[in-house]
Amino acid sequence: MTSTPSVDCLTGARRPLAELTGLTPLVATTMCPDPQHVYQRLRDEHGPVAPVELEPGVPAWLVLGYQEILTVLRQEQVFACDPDNWSAHHDGSLPAESLLRPMMSPYNNAYFTDGERHRRLRAPIDGGMARIDQRAMRRAVAALCTEVIGSFAGRGEADLVVDYAAVVPLLAVADRFGLEPEVGRELRIALMNSFAWGADAEAARRRVMTIFADVVAARRAAPADDLTTFLVQHPNLRDDAEIFDTMMLTLVAANENTATTIAQTLRLMLTDERFAGRLRGGRLGVDDALDEVLWRDPPMTNAPARYALRDTELGGQPIRRGDALILGLTAANADPRIHPIGQAWLEVGNRAHLSWGAGPHACPAQVPARLIVRTAVETALHLLPGVRLAIPADEVPTVPSPWGRSPAALPVRFPPVAQESDEH
Ligand code: HEM
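If you're wondering where the values come from, they're calculated on a predicted model, not measured in any experiment.

Draft legend 1. Region of the structure containing the overall build of the chain. Regarding its fold elements, the chain presents 15 helices and 11 strands. The C-alpha atoms of the chain give 22 Å as radius of gyration, which agrees with the globular expectation for 424 residues (22 Å, within 12%). Dimensions along the principal axes, computed over C-alpha positions, put the chain at roughly 85 × 50 × 40 Å. Taking all 424 residues of the chain together, 52% fall into the buried category. Across the chain, contacts joining residues at least 24 apart in sequence account for 68% of those joining residues at least 6 apart. In the chain, 41 positive and 53 negative side-chain charges are present, and the distance between their average locations comes to 4 Å.

Given below as structure tokens:
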């Protein structure tokens, strides 16, 4: 297909999104060996805000510039989170079966809400995160990681994504909600199944809701020192539905992003000699390693989304009311305008990356998220000495998605670790 240039060659004016064709698919930035190469090509062609295609016939702006992303995230009176403001929901351009719907449809929680309503729903999450006892959580996460590793340590081989990174975060956060370990495990499976296609998904969603309803009823009858009790007693949450929606948002946001960050940190450890050297007794600690991952390969490569509430201009592009803007966090972290010497992740201690977001919706769980990742990586390194990747580094598969570049599997081998006997 021939593409319509984004600049009118007669007038020099930039064209609005609806007039552009032949756009780069967003997945070209995630399903490729070097996303920065693709981002740079888009920058060269369009500047810090580039038109892309989310799915065939569904265009959006990809914000590549560091300053431009901050402008979008801080101006919620112009760029809203509520997907109901996206024109594609109203002009029929979004197919009913579109895979964009889960991330770009309105839901009743803080993430998809703006202004006063967002502040009301967000305060209980902030309050709950602030009350987490970090020492107690670190101990609980270390015990959980040890148990999970114990389930495969004797085998001498494992998939550190499927067997480990994908398991730990949800169980760690479910534990803070006061769910018993076996209920946490059941919740993890039910949540996974609830997002799949097919008849089982509805049953899984009902099971998730029953688990939430049971723990909420239990804490109402007998309060405890946990996140569920905090939400149940919070005056901002008006009914059980708002409590369940807040629990769901927190658990889902915790699960995907933290699992991916653990996987990316382990992946670097196993595939990058320089990084592995650092982690295993080198000058820099796991915290520095984690910062490097957050600069270079954050879990939300392209975060959905904001929706323009009025016509405006951003990075020289004409943004029209109802346009969707995708936050190119990986691109912005490497914006050449903020890194005159390049290689931002080598500036030890610099945490000015955008991987937690910014503005009113910035991740409320930065402290517990770091704690989970750090503990999971440290525990794996400690308990699996000699762990090695079982496939060539460039064959590590990636989960196909326009939003991220999460490793789908990290098959490893290690000297089998003898299991401790229960009979002491
Ligand atoms: C390394 C792991 C994590 C990363 C990189 C991360 C990143 C982010 C980012 C970028 C956003 C903002 C998205 C936007 O503005 O559109 C966000 C929002 C959020 N995150 Fe995290 N997150 C992580 C872990 C967690 C954990 C462990 C939890 C819960 C315990 C959590 C809970 C949330 C919630 C509730 C929101 C929505 C906040 C709002 O809309 O006001 N995240 N996260």
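Draft legend 2. View of the coordination of the iron atom of the ligand. Coordination of the iron atom of the ligand by the protein comes from a single atom, C363 (SG), at 2.4 Å. Its place among the elements puts C363 in the loop between α14 (329-333) and α15 (366-383).

Draft legend 3. Spotlight on the side chain of N255. Relative to the helices and strands, N255 resides in helix α11 (residues 240-271). Residues contacting N255, with those up to four places away along its chain left out, are A166, P169 and L170.

Draft legend 4. Local environment of the nonpolar core. Counting residues in each nonpolar core, the largest one holds 72 residues, and the members touching the most others are F152, L160, Y164, V168, L187 and L251. Ranked by residues supplied to this core, first place goes to α11 with 12 residues. Discounting chain neighbours no more than four positions away, the residues touching L160 are F152, A165, L266, L270, L384, V387, L410 and V412.

Draft legend 5. Geometry of the environment of L371. Along the polypeptide, L371 turns up in helix α15. For the pair L371 and D287, spaced 84 residues apart in sequence, the C-alpha separation works out to 9.5 Å. Residues within four places of L371 in sequence aside, it is in contact with Q134, M137, R138 and V141.

Draft legend 6. Here's a closer look at helix α13 (residues 286-296). A large share of α13 lies buried, amounting to 8 of its 11 residues. Along α13, the positions that sit buried rather than exposed are V286, A289, L290, D291, E292, V293, L294 and W295.

Draft legend 7. The site of the ligand, seen in detail. For the ligand, the set of nearby residues contains 23 residues, the closest of which are H118, R122, R306, H361 and C363. Take R122: an N or O atom from its side chain is 2.8 Å from an oxygen atom of the ligand. A distance of 2.6 Å separates an oxygen atom of the ligand from a polar side-chain atom of H361. With 7 residues, the top contributor of residues to the shell around the ligand is α11. Looking at the shell around the ligand, its residues break down into 13 nonpolar, 8 polar and 2 charged.

Draft legend 8. Highlighting the state of the cysteines. The full count for this structure, using the stated rule, is 0 disulfides. With no disulfide partner, C81 has as its closest neighbouring cysteine sulfur the one in C363, 13 Å distant. Note on C81: relative accessible area 3%, which makes it buried.

Draft legend 9. Representation of the pattern of salt bridges within the structure. All told, the structure shown has 22 salt bridges when counted by the stated rule. When the shortest N-O distance is used, the salt bridge between R155 and D163 registers 3.1 Å. A relative accessible area of 48% places R155 in the partly exposed class. A salt bridge links E292 to R296; its shortest N-O distance comes to 3.3 Å. Residue E292 and its partner R296 are located together in helix α13, separated by 4 residues, close to a single helical turn.

Draft legend 10. Local environment of the sheet that holds strand β10 (residues 388-389). In space, the 3 strands of this open sheet follow the order β5-β11-β10, with antiparallel pairing throughout. Looking along the sheet, the strands with just one partner apiece sit at the ends: β5 (157-159) and β10. Direction of pairing for β10 relative to strand β11 (residues 411-413): antiparallel, over a ladder of 2 bridges. Directly across from L389, in β11, lies its bridge partner V412.

Draft legend 11. Expanded view of the packing of helix α9 (residues 199-221) against α11. Remark: α9 packs on α11, axes separated minimally by 10 Å, with the N-to-C direction vectors making an angle of 115 degrees. Between α9 and α11 the crossing geometry is right-handed. Of the residues in α11, those in contact with V208, M209, F212, A213, V215, V216 and R220 of α9 are D240, I243, F244, M247, M248 and L251. A breakdown of the residues in the contact of α9 with α11 according to their chemical character gives 11 nonpolar, no polar and 2 charged.

Parameters and conventions
- Here the residue numbers are simple positions, counted from 1 along each chain's written sequence.
- Under the rules for a predicted model, residues below a pLDDT of 70 receive no local features and side-chain atom pairs below 80 are neither given nor counted, while totals for whole chains, interfaces and linings still include all residues.
- The side-chain numbers reported here are obtained from all heavy atoms of the structure, hydrogens and water having been left aside.
- Secondary structure counts use DSSP, requiring at least four H or I residues in a row for a helix and at least two E residues in a row for a strand, with both numbered from the N terminus.
- Each radius of gyration is computed over the set of C-alpha atoms, and the globule rule expresses the reference value as 2.2 Å times the number of residues to the power 0.38.
- The buried label applies to any residue whose accessible area, calculated with a 1.4 Å probe on protein chains only, is under 20% of its type's maximum; exposed applies above 50%, and partly exposed to all values in between.
- The contact rule is simple, with two residues in contact once any of their heavy atoms fall within 4.5 Å.
- Here the positive residues are Lys and Arg and the negative ones are Asp and Glu; neither His nor the chain ends is included.
- A single reference atom marks each charge: NZ on Lys, CZ on Arg, CG on Asp, CD on Glu.
- Water is not among the atoms examined, so metal sites may look incomplete; donors are the N, O and S atoms within 2.8 Å of the metal, or within 3.2 Å for Na, K and Ca.
- Within this scheme, the nonpolar core is defined by two criteria: the residues are buried Ala, Val, Leu, Ile, Met, Phe, Trp, Tyr or Cys, and they are joined through side-chain atoms within 4.5 Å.
- Throughout, the term near means that a residue has one or more heavy atoms lying within 4 Å of the molecule or strand in question.
- Pairs of N or O atoms are called polar contacts if they sit within 3.5 Å, as long as, within protein, a hydrogen donor faces a hydrogen acceptor (for residues adjacent in sequence, only side-chain-to-side-chain pairs).
- Note on residue categories: nonpolar means Ala, Val, Leu, Ile, Met, Phe, Trp, Tyr, Cys or Pro, charged means Asp, Glu, Lys or Arg, and polar means any other residue, Gly included.
- Only a pair of cysteine sulfur atoms within 2.5 Å counts as a disulfide in this structure description.
- By definition, a salt bridge exists where a carboxyl oxygen of Asp or Glu is found within 4 Å of a side-chain nitrogen of Lys or Arg.
- We call two strands paired when DSSP finds no fewer than two bridges between them.
- An axis is simply a line fitted to the C-alpha atoms; with a helix, the fit covers only the stretch in contact. Between two such axes, the angle follows the N-to-C directions and lies from 0 to 180 degrees.
- Working rule for handedness: look at the near helix, and if it is turned counterclockwise from the far one by less than a right angle, call the crossing left-handed; if clockwise, right-handed.

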